[in-house]
Amino acid sequence: MSWLYLLLAGLTEIGWPVGLKMAQSGGSKALGIAMAVGFMAVSGTLLWLAQKEIPMGTAYAVWTGIGASGTFLVGIWFYGDPTSLLRYMGVLLIILGVVVLKFAH
């Protein structure tokens, strides 16, 4: 169950940078900030639950890896962030690192 909590924590980690971006993008600043804070709370709670059985360093690395990779993709798909082969390769390395951490556990 801890790995499920950690996966969900990583996925909800994507929500708070998106909320901060929304707060800067002419929409409702308050809504974007509220969204960011809400996702931070959910993500942090799920990380806390995951750390009951997964070592702190592993949990944190996986959490940030999922969040960073997901945020990178959301930025490209929805906000027109720049892409290049090297940027994709960098994210692939992050994802491979997360996979290695999972199997090394």
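Before any of the text, the structure's been laid out above.
This text gives an overview of the structure that appears in the document. Values in this document were obtained by computation on a predicted structure and should not be read as measured data.

Quick notes on the rules
- Residues numbered from 1 in each chain as written.
- Predicted model: local features only at pLDDT ≥ 70, side-chain atom pairs only at ≥ 80, totals over all residues.
- Heavy atoms only, no water.
- Helix = DSSP H or I, 4+ residues; strand = E, 2+ residues; numbered from the N terminus.
- Buried < 20%, exposed > 50% of the residue type's maximum accessible area, 1.4 Å probe, protein only.
- Polar contact = N/O pair within 3.5 Å; in protein donor to acceptor, adjacent residues only side chain to side chain.
- Contact = heavy atoms within 4.5 Å.
- Patch = residues over 30% accessible without salt bridge, like charges linked within 9 Å, V, L, I, M, F, W, Y side chains within 5 Å.
- Areas by Shrake-Rupley, 256 points an atom, 1.4 Å probe, with all protein chains shown as cover.
- Salt bridge = Lys/Arg side-chain N within 4 Å of Asp/Glu carboxyl O.

**Some thoughts on the side chain of S43**
Among the structural elements, S43 can be located in helix α3 (residues 29–50). With a relative accessible area of 0%, S43 lands in the buried category. Among the polar contacts listed, one links the side chain of S43 to the side chain of W63, at a separation of 2.7 Å. Beyond its immediate chain neighbours, meaning those up to four positions away, S43 contacts A9, T12, E13 and W63.

**As for the environment of V37**
Here V37 is to be found in helix α3. Note on V37: relative accessible area 49%, which makes it partly exposed. Along the sequence, V37 and K102 sit 65 residues apart, while their C-alpha atoms lie 28 Å from each other.

**What to know about a nonpolar patch on the surface**
A contiguous nonpolar surface patch, about 470 Å² in accessible area, is contributed by M1, L4, L7, L8 and L11. Tracing the backbone shows L11 in helix α1 (residues 2–13). Under the relative-accessibility criterion, L11 is labelled partly exposed at 45%.

**Observations concerning the environment of V100**
The residue V100 is located in helix α5 (residues 85–104) in this model. On the basis of relative accessibility, which here comes to 54%, the residue V100 falls in the exposed class. Along the backbone, V100 and T64 are 36 residues apart, and their C-alpha atoms lie at a distance of 14 Å.

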